[in-house]
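So you can see what is in the structure, the chains are spelled out below.
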Amino acid sequence: RPSRSTNTLSTKRITRATMARNGIAKGANSGFVTEQKERAARPSRSKGKLGKRTALCREIAREVAGLSPYERRILDMIKTGGSAADKRIYKFAKRRLGSHKRAVAKREDIKAINSKMRAKQAGAN
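Residues numbered from 1 in each chain as written. Predicted model: local features only at pLDDT ≥ 70, side-chain atom pairs only at ≥ 80, totals over all residues. Heavy atoms only, no water.

The next point concerns the overall build of the protein chain. Each helix and strand counted, the protein chain has four helices and zero strands in total. Ordering the α and β elements of the protein chain from the N terminus gives α-α-α-α. Per-residue burial over the protein chain gives 15% buried out of 125 residues. The contacts in the protein chain between residues at least 6 apart in sequence include a share of 31% that link residues at least 24 apart. (Helix = DSSP H or I, 4+ residues; strand = E, 2+ residues; numbered from the N terminus. Buried < 20%, exposed > 50% of the residue type's maximum accessible area, 1.4 Å probe, protein only. Contact = heavy atoms within 4.5 Å.)

This structure, assessed with the given rule, holds five salt bridges. Where Glu108 meets Arg107, a salt bridge forms, and the shortest distance between an N and an O atom there is 3.4 Å. In this structure Arg107 comes out as buried when scored by relative accessible area, which is 14%. Linked by salt bridges that have partners in common, Arg62, Glu71, Lys106 and Asp109 make up one network. (Salt bridge = Lys/Arg side-chain N within 4 Å of Asp/Glu carboxyl O.)

All right, on to the side chain of Asn114 then. Position of Asn114 among the secondary structure elements: in helix H4 (residues 100-124). By relative accessible area, Asn114 is classed as buried at 8%. Residues within four places of Asn114 in sequence aside, it is in contact with Leu75, Ile78 and Lys79.

As a further point, take a positive patch on the surface. A cluster of basic residues, Arg73, Lys87, Lys91, Lys94, Arg95 and Arg96, forms a positive patch at the surface. In terms of residue count, helix H3 (residues 85-97) provides more of the positive patch than any other element does, five residues in total. (Patch = residues over 30% accessible without salt bridge, like charges linked within 9 Å, V, L, I, M, F, W, Y side chains within 5 Å. Areas by Shrake-Rupley, 256 points an atom, 1.4 Å probe, with all protein chains shown as cover. Lys, Arg positive; Asp, Glu negative; His and termini not counted. Charge placed at Lys NZ, Arg CZ, Asp CG, Glu CD.)

With 25 residues, H4 should reach 36 Å at 1.5 Å per residue; the first-to-last C-alpha distance of 36 Å fits that figure. Regarding H4, the residues found buried are Ala103, Lys106, Arg107, Ile110, Ile113 and Asn114. Where the residues of H4 are buried, they touch helix H1 (52-65), helix H2 (69-80) and H3. (Expected span 1.5 Å × (residues − 1).)

One finds Leu67, Ile74, Ile78, Ile89, Phe92 and Ile110 to be the most contacted residues of the largest nonpolar core, which totals 14 residues. Secondary-structure elements contributing two or more residues to this core are H2, H3 and H4. Apart from the residues lying within four places of it in its own chain, the contact partners of Ile78 are Ile89, Ile110, Lys111 and Asn114. (Core = buried A, V, L, I, M, F, W, Y, C linked by side-chain atoms within 4.5 Å.)

Now the structure itself:
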């Protein structure tokens, strides 16, 4: 089995879409000059995008089920505040959810829920 080199340099290929051809037979952007065809977006490009139906289902589920115990604890931390509340909330959420990205997203989500609740209370009074 041939040994694999860890020092392989990756060469960046210039695609035809980025460089216009100039009609010359040799060179970086060689080739017959043609008009670029507009391609339809591939379905894989929209993967992970939140759809209307999914958003509605999640909203209804949140309304019916409410907050989970750890989310209620985060909400309580937001309400009590304190000097380093954001950092404490982040650390708690990260421990529960496992990643930085998820923890930050959850913190912002619970903050939004808190502000909605406060706005609702202010409107009722």
